[in-house]
Every structure is written in C-alpha cells, then in structure tokens.
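Here is how the chains run, residue by residue.
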Amino acid sequence: MTTDKRAVITVKGLEKAFGANQVLRGMDIEIDKGEVIVVIGASGSGKSTFLRCLNCLEDPTGGNIYFDGVDIADVSVDINVHRQKMGMVFQQFNLFPHMTILRNMTIAPIKLLKMTKEDAEKKALGLLDRVGLKDRANDYPNQLSGGQKQRVAIVRALCMDPEVMLFDEPTSALDPEMVGEVLDVMKKLAAEGMTMVIVTHEMGFAREVADRVIFIDEGVIAEQGPPAEFFGNPKSPRLKDFLSKVL
Amino acid sequence: MSTLTFAKWIADAPGWVLGLSEGLQRFLFQLFQCFIYGDRWKMYLNGLKITFIVTLGALALGVVIGLILAIIRTSYDSYTVTKPPIILRILNPLVQIYLTVIRGTPMMVQLLIMGFVIMMPKTQAGGIACGIITLGINSGAYVAEIIRSGLQSIPKGQTEAGRSLGFNFFQTMWYIVIPQAIKNILPALGNEMITLLKDTSLVSVIALRDVTKQAQNIVSVTYNAFVPYITLALIYLALVLILTKLLRILEKRLKKSDH
C-alpha cells in the first residue's frame with residue numbers, strides 16, 4: 001500500500017448500502033494531515049453516512065479506508081484501537097448523562113489509555129479551561145445549555161489526543177445564539193492544526209475555515225475544491241442548484 | 001413435647017384471663033400455643049433465615065443470569081446489516097430455548113424436577129443450594145427480558161459515543177449503557193424481586209424449612225391453622241413493604257443525576 005506520507009486517511013471506492021438502498025456509491029478521497037475538510041450536500045445525499053463510515057460506526061459494504069496505513073474497513077482489524085485516535089462529535093452531543101462533565105472527559109483516557117486519574121483530570125480541566133467551562137467540571141450534562149454541551153463533547157474527544165476529529169452536523173441541534181460559541185471552538189482547533197472532517201450546513205464557516213470543501217451528491221463526491229473556488233465558481237449544475245438554495 | 005390442651009392451659013392461666021369471655025380465652029390460648037409454648041416463635045425466625053438466604057441467593061443468581069442473557073440477546077440484535085459472529089449465532093437460540101422452557105413451565109414443577117430428578121439434595125445445605133439455583137434460574141429468565149428492555153431504552157447515540165471513544169461493545173455496555181439502564185429497569189426489577197421473595201414459599205416442596213414450612217409444622221402439631229397462617233401472611237406482607245420502601249429510596253438516589 002503506497003499512500004502519500006502526508007495523508008492521514010485515504011478512502012478508496014467506499015461503498016455503503018443499507019439493504020437494497022445503496023447510499024454511498026464509490027467514494028475516493030485523501031485527507032492530509034492538518035487539513036480541514038467541510039462536507040456539504042442535500043439531506044439524504046450520504047454525507048453523514050460518509051462521515052460515520054470513516055470511523056466504522058457504519059460498516060462499509062465495499063472499498064477501503066486507510067487510516068495511518070491500516071485498512072480499517074477490513075473486519076479483521078481491531079477497530080476499537082483505531083477509534084481511540086479518531087474523535088467524533090455528534091449532532092445530539094451524546095454526553096453521558098449519568099456522569100459529571102469531568103467524568104465524561106476522563107473515563108476513556110483512564111480506562112483505555114491507562115492514564116492515572118490525576119493526570120486525566122488535570123488534562124481535562126486544562127481543556128475545559130480553554131473552552132471556558134472549567135467551573136462546570138463537576139456539573140452534570142443536563143445542567144448545561146446546548147452550546148456548552150457541544151463544547152464539552154468536543155473537548156471530551158480531544159482528551160484522547162486524536163489524530164483526526166470528525167464532526168457530524170455539530171451545530172444543527174443548537175439554538176441560533178449558541179452556534180457561534182461552538183464554531184469558535186472549532187475554528188481555534190483548526191488554527192492549531194487539527195485534521196478535521198466536518199459535515200455542516202454552516203456555509204459561512206466552510207468558507208472561512210475549510211481548506212477544501214466537498215460536495216456529496218447521490219453517494220459520490222460530485223465536486224470539490226478550495227472554498228473560494230468552490231463557492232465562487234461552482235461547475236456542476238447540481239452544486240450550482242444546491243448553493244442557490246442554501247446561500 | 002406433650003400436647004397442650006385448652007383445659008391444661010386455663011388451669012395454669014393468670015387470674016386476669018379468667019375474667020375474660022370464653023371466645024377471648026380461646027383466642028389467647030391459640031396465640032400462646034402458636035408462639036410462646038415450646039418457644040415456637042423461634043421456628044418462624046429459623047424459617048425466616050432460610051427464606052432470606054434463598055431469596056438473596058436466588059436474586060443475585062437471577063440478576064447475573066439475566067444480565068448475561070440480556071447482553072447476548074442485545075448484542076445479537078445489534079448486528080442488523082452484517083451476520084453476527086458464530087458464537088452469538090450458537091448462543092442466541094440456546095437463550096431462546098431457555099427463556100421459552102423456563103417461562104413456559106410452573107415454578108413448582110421446576111422445583112420438583114430440580115429437587116427430585118436432577119440435584120436430589122440429601123442435606124439441608126444441599127436443599128438450600130437447590131432452592132437458590134432453581135429460583136435463580138427461574139428468575140433469570142424474567143430478569144433477562146426486563147434488562148433487555150432497559151438496555152433498549154437507552155438512545156443509540158450513547159452507544160455510538162462510547163464506541164467512537166474507542167470502548168469495545170462490552171465496555172460501552174458496562175460503563176455507559178448499563179448504569180443508565182438500571183434507573184429505567186428498577187421499578188420492573190423491584191416487582192420481580194417481590195415476586196421472587198413470595199415464590200420462595202414454594203421451596204417447602206423440596207423439604208426446605210423456610211418460614212412457610214415452619215408455619216405448616218406448627219399447624220400440624222397444634223391443629224390450629226388460623227394463627228400460624230395469618231401470621232405467615234403478615235410476615236410476607238411486612239417483608240414486601242420493607243423491600244418496596246428500600247427500592248423507593250434507591251430510586252430516589254439514582255434520580256440525583258437527572259436534575
């Protein structure tokens with residue numbers, strides 16, 4: 001397997017079907033280290049499925065996904081080890097409601113990375129401080145607003161020191177006034193050089209932060225490019241049509 | 001011990017008893033005969049000990065069996081697209097058979113088969129073990145379905161969040177899903193505990209001297225059924241009320257994180 005040394009994830013011919021419903025029909029993409037990729041597309045186009053295939057939350061039904069040179073689409077690979085290095089942020093936050101914020105963040109590093117409780121908590125508090133939530137460490141998720149929950153979900157994933165962060169519509173479940181605080185955290189993260197794949201409807205954010213925008217239509221990558229060109233000079237009629245509706 | 005008759009008892013009775021009506025005298029005699037004479041109250045206590053041991057043992061066994069069965073069924077069901085691994089494809093039908101057989105036959109029959117066909121205990125300790133195992137296996141079948149519905153009540157996103165952090169299926173269950181499910185299944189599990197406690201009264205058929213058997217023994221020596229059996233009913237009622245209260249307290253505690 002020869003991959004570009006800089007590529008963190010290389011996707012080849014990715015396919016996913018739910019029964020007879022073929023959602024992804026052969027996708028190829030290379031994601032470089034430090035690259036911020038924003039994935040857009042109409043609902044039902046397969047963009048969330050694509051993201052969820054990247055860490056095998058959905059098992060691909062065809063193709064390969066090379067992460068650090070290992071094909072994680074291969075069922076004989078221990079996916080759990082590789083998932084530790086891929087953080088994921090969900091639309092519905094999915095914080096663990098029976099644990100405090102601090103416990104939410106430290107349980108995975110303690111149990112999986114065998115960090116000591118002290119080290120893990122120190123790290124978690126440092127990350128919480130960076131997103132302005134240090135004083136909420138001992139609260140439970142239900143005491144937080146949506147924006148705060150999502151910021152916690154982001155730093156919970158960061159506690160595992162991931163190489164890649166996957167975002168599945170991270171602002172779609174938020175009240176409008178809370179979208180900004182979450183996007184700000186993501187911008188900071190991008191500026192620090194984190195490799196990110198983001199499914200979103202925030203076109204302004206895509207324009208500002210993305211290194212590359214990809215447009216998924218009917219299960220394939222229909223068009224991709226740097227944001228200025230992507231938004232300024234779309235080529236395919238489907239993308240033109242889509243952009244005219246959302247911009 | 002010689003049989004105590006009403007005539008013998010009234011002859012030795014203290015003076016204040018003689019002033020009462022005949023009906024009350026007879027009732028006091030029955031109470032005396034069933035509790036005080038020959039320290040018979042100790043028989044209830046000894047029986048209660050057996051009842052407690054069997055209940056707690058069967059409860060623990062039932063929860064362990066139920067949890068294992070529920071996890072097998074849940075993980076089997078979690079493979080919607082791909083085929084489950086071979087081990088699950090073998091275990092799942094076995095679990096189905098177990099659930100069908102245990103829920104499809106009476107507890108009494110299961111006790112008779114365990115006691116007189118399979119285990120055939122010779123000692124009281126062996127009898128206790130037999131009682132615990134039979135009731136535990138029985139309870140496990142019901143607990144399994146209770147736990148399974150509890151596991152299914154937790155949103156899929158919780159499992160996905162756990163898996164995305166790198167936890168495997170069992171770690172995700174143990175750290176994330178089960179602690180949340182317990183809260184949801186506690187009322188149903190409490191009902192099952194109460195049923196189990198009352199069902200231990202059946203172990204007398206395998207010659208275990210639980211509180212029911214002791215009451216029966218007292219009836220057979222006193223020829224008086226009223227006092228021992230009403231007492232027996234009150235004992236079970238009191239135990240169930242205590243258990244209900246404890247479960248309430250536990251439920252309240254677990255609600256803390258809800259805010």
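The structure this text deals with has already been given above.
Residues numbered from 1 in each chain as written. Chains lettered and ligands numbered in written order. Predicted model: local features only at pLDDT ≥ 70, side-chain atom pairs only at ≥ 80, totals over all residues. Heavy atoms only, no water.

Asker: Explain the interface of chain B and chain A here, please?
Answerer: By a widely used convention, the size of an interface equals the accessible area lost when the partners come together. Taken together, the 22 residues of chain B in the interface contact 28 residues of chain A. Summed over both sides, the interface of chain B with chain A buries roughly 2,100 Å², with 62% coming from carbon and sulfur. Inspection of the region where chain B meets chain A yields one salt bridge. With a shortest N-O distance of 2.6 Å, Glu160 of chain B and Arg52 of chain A are connected by a salt bridge. Where chain B meets chain A, there are five residue pairs in polar contact (both at pLDDT 80 or more). Counting only elements with at least two residues in the side of chain B that touches chain A, the list comes to helix H8 (156-165) and helix H9 (169-199) of chain B. Among the elements that make up the side of chain B that touches chain A, the one with the highest residue count is H8 of chain B (nine residues). A class-by-class count of the residues in the side of chain B that touches chain A yields seven nonpolar, eleven polar and four charged. (Contact = heavy atoms within 4.5 Å. Buried area = accessible area lost by both parts, 1.4 Å probe. Salt bridge = Lys/Arg side-chain N within 4 Å of Asp/Glu carboxyl O. Polar contact = N/O pair within 3.5 Å; in protein donor to acceptor, adjacent residues only side chain to side chain. Helix = DSSP H or I, 4+ residues; strand = E, 2+ residues; numbered from the N terminus. Nonpolar A, V, L, I, M, F, W, Y, C, P; charged D, E, K, R; others polar.)

Asker: What is the right way to look at the sheet that holds strand S5 (residues 70-71) of chain A in this model?
Answerer: In sheet architecture, strand pairing relies on hydrogen bonds along the backbone and comes in two forms, parallel and antiparallel. An order of S2-S1-S4-S5 (chain A) is seen for the four strands of this open sheet, with the pairing classed as antiparallel. Either end of the sheet is taken by a strand with one partner, and the two such strands are strand S2 (21-32) and S5 of chain A. (Pairing = 2+ DSSP bridges.)

Asker: What is the right way to look at unusual backbone geometry in this model?
Answerer: With glycine set apart, most residues show a phi of negative sign, and most peptide bonds adopt trans. Residue and element names in this part refer to chain A. Unusually for a residue other than glycine, Asn94 sits at a positive phi of about 55°. Tracing the backbone shows Asn94 in the loop between strand S6 (86-89) and helix H3 (101-112). For Asn94, a relative accessible area of 10% puts it in the buried group. Positive phi is not limited to glycine here, since Glu218 has a value of about 50°. Looking at the element boundaries, Glu218 is found in the loop between strand S9 (212-217) and strand S10 (220-225). (Buried < 20%, exposed > 50% of the residue type's maximum accessible area, 1.4 Å probe, protein only.)

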